[in-house]
Structure formats: structure tokens, C-alpha cells
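Residue-level listing of the chains:
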Amino acid sequence: MLKKKICLLIGAGAALALAAVLICLWAINLRTIKVAFYRLDQRTVSGIKAQIDNMSMKGIRYYDLNPDADLPKNFQKKYSILISRNSIALKKGAASFVPVNEALFESMPTSIRKASAKDGAHYELPLLLDHFEISYYQISKKQMGMENPRNYGELLRYLESAKERVEFPLVCAGANDQDLFGFVSVMAESFYGADEYQKAQEALAQASSLNKRDLPESLTKVLDEIKAMQERNFIHPRWTRVSNGDLRYYMQERKIGALAMFLSERRDFEYNLIRYYDSDFFPRYDLSAPHGIVAPQIVAVLLKNKKDLSLILGQLSSQDVQTELSNASLLAPVASRAESYDRQADDVRFWAASSMAGPLGSLEDECETNAERRRLLAQKIRAYLEFK
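Thresholds, definitions, all that
Residues numbered from 1 in each chain as written. Predicted model: local features only at pLDDT ≥ 70, side-chain atom pairs only at ≥ 80, totals over all residues. Heavy atoms only, no water. Pairing = 2+ DSSP bridges. Helix = DSSP H or I, 4+ residues; strand = E, 2+ residues; numbered from the N terminus. Contact = heavy atoms within 4.5 Å. Axes fitted to C-alpha atoms, helices over the stretch in contact; angles between N-to-C directions. Salt bridge = Lys/Arg side-chain N within 4 Å of Asp/Glu carboxyl O. Buried < 20%, exposed > 50% of the residue type's maximum accessible area, 1.4 Å probe, protein only. Parallel < 35°, antiparallel > 145°, perpendicular 65-115°, else oblique. Left-handed = near helix turned anticlockwise from the far one by under 90°. Nonpolar A, V, L, I, M, F, W, Y, C, P; charged D, E, K, R; others polar.

A look at the sheet that holds strand 9 (residues 258–262)
And step 1. Here we have four strands laid out as an open sheet, ordered 8-9-7-10, and mixed in their pairing. The open sheet has two edge strands with one neighbour each: strand 8 (171–172) and strand 10 (277–280).
And step 2. Summarising the sheet, strand 7 (residues 132–137) and strand 9 pair through five bridges and their orientation is antiparallel. Along strand 9, the bridge assignment pairs F132 with F262.
And step 3. Strand contacts of helix 8 (residues 177–209): strand 7, strand 8 and strand 9, with the helix running at about 110 degrees to strand 9, the strand carrying the most contacts.

Below you can see the structure in the form of C-alpha cells.
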């Protein structure tokens, strides 16, 4: 009997010890601030981590989510803060996000502030802006005696004139899905204006979700105009197969009159090549419509309602830290008075601020939720553009 009682006491003690450990782990888990990063480049992630670490807060853990997969199921319950490119996935989950303190938006230009609002509230805090830009080769531009085009008609005349001086008036590295979507996006925004561009995004997202074989008419109209540019040799006729390696070669050989690429991508080109290309926003076709710029936002989302988390967002949106984030990521800050990494980044903030509709997302972010579906959509667009 005594032996049995001793065994029971030992068992009970072990159970209590295990329960105590589990309670401690649960309490630690509750106090842990879990910051997840999704679909961001390493420069940007490192810059944001450094600024959070400077706050010297205890219990912060970082998670790098798979950029090719959908956001994890129940990610709202698993993490405290999500920092990501703005996307359709975030819009779908907005109902479960914690609204961001409106005071954190006071340092931002009105158009950037409005672009991140949903139903009168803010569920995403913009931190940085990328931008799909067009960059003109300064040497041939000077030879032609022309200025940067201000509308689509001027762009076509510019490219027509450039044909006499370069092999390819305009090139985009369309072998990269991101660049393919970027170029189609700026063409659609140029043609439709911001409101109709967003409707075209919705139509494409709906067609894709229903696995429709054909692309919606709102998109094929834009693709038909791109095909016309190909046929007139305004853009590289096989631009959908051009890689960044091809682009470097063309730049070295001075074969290009203008480039179309993301600001983040521009940063990866050697200075002695890219320095000759003057970046600008893409010219508008429909000047009567309100326009924005295709400038994907890096945003922070609150998934838990805790004071410490709001302090982190306040830190990341402060003027001094915005300057540091721009310097680390090489992207544009969103705070009005923050210093930018360089003129290109400063221009992006100015264009976003001065555009009626502010920063707009790219088709790849607004229509698909994972890399495989984006890849399939890109293939469908390439097939349409290459069909004879």
C-alpha cells in the first residue's frame, strides 16, 4: 500500500510539474510578440527588423513566411503583426484585423492615407512604396531634343523618334512575372484611370477564381494595345521573353531608348549602367479620369489588440525611422517629411502624393494569392501577347 501511495504521489507531482511548465510556456507565448514577414525582399526585412530591435523590447520573435504559398490558415491567430506587400489576401482578411490608430496617418500625404482606408477605417499601415516606372535613356533623349512624355500620345511619338537611334525604343524584362504584371498594370491604369483600373482588377480576380479560360475584355483591350506597340516596334517584339540578363546586355550595348521596371529592381542594376536612365511615372492616356501610380505598398497589419504592438507601428511610421527604412530598403518612405534614400525614391513619394488616387497595387498583388496561380496567369497573358 505504501509503495502504491508513493507512486501516486510521484505521479501527481509529475503531473503538477508538467502543468506548471505548460502554464509557464502559455504565459510566455502570450507575452511573445510574433512579427511575420511575407513576400518582402531581404533588404526591406533587415531594415524593419533593425528598427524594431532598436526599441529594446523583450520577447520579440520574427517569422519569414513562404513567399510562394498562400498566407497560412489562421495566420491572424498565430502572429501579432504581419508586414507584407499589400495584396488581395490582406483585403480578404481585413475584417479580422485590428484597426490602426488614426494618429499614425497624420504624417502621411492625404492621397497615401486615403489609399489605405477601407470603409472609413485603416486596417493597414503603409510603411514604404515601390513603383513601376519608365526610365528614359538620357543620351538619346538629348539627341532627339525631347522631354519626358506627359501623356500617352507623346510617349508614342517619343518611341517613334527613338526608333531612328536605338534598336529597341522600349524594353521590359517580361520573362519575370513581376515585371510582366507591372507593365500590363501601368498600361491598364494609363488607359482606364484609377477607378476603372481597379474594376479591371476585380474582373480579372473574379475570372481567375472561377478558373475561366478567357481573360476578361477589360484586360484584353489593354493587351491588344500592347500588341500594337509590338507590331510597330515601339517595344521589343519579344519583350515577354526578355530577362534581366538580356536587359543588362542591351544597356551595355546602348540598344535601349527607355526601360520599364520596378524601383526595387532598378536598385539591382550596376550604377554605371542605370545612371543614364531618368525615371518617371508612366504617361496617362485618359487625362479626364483620376489617376494614381502603380506603387505597391509595404504595409503593417495589427493582428492582436495590444499596446506594445501599437508602439511598434508608431516607431515604424515615425519621421526619423521612415528615413532609416528608406535608406535600408532603397524604397520610398510614406511620411511627408522623412528624408528619402535618393531622388528616385523622393520622386515616388511626390508622385503618389500628387496623384488623386495615390498608390495603386499591381495586378499580381490584386488578383492572385500564391505564386503558382500568379505563374499560370502570367503564362496566359504571355500566350495572348505572343499569339499571331
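A few points about the pattern of salt bridges
And step 1. Counted according to the given criterion, the structure contains 23 salt bridges.
And step 2. Across the salt bridge formed by D278 and R343, the nearest N and O atoms sit 3.3 Å from each other. With D278 in strand 10 and R343 in helix 15 (residues 343–354), this residue pair connects regions lying 65 residues apart in the sequence.
And step 3. On the accessibility criterion, D278 (15% relative accessible area) is buried.
And step 4. By sharing partners, the salt bridges in this structure join R39, R85, E364 and D365 into a single network.

Topic: the packing of helix 2 (residues 42–53) against helix 13 (residues 307–317)
And step 1. For the pair helix 2 and helix 13, the least separation of the axes is 10 Å and the interaxial angle reads 120 degrees. With respect to their mutual orientation, helix 2 and helix 13 come out oblique. With respect to the hand of their crossing, helix 2 and helix 13 are arranged in right-handed fashion. Touching I48, Q51 and I52 of helix 2 are I312, Q315 and L316, all from helix 13.
And step 2. For the contact of helix 2 with helix 13, the class distribution of residues is four nonpolar, two polar and no charged.

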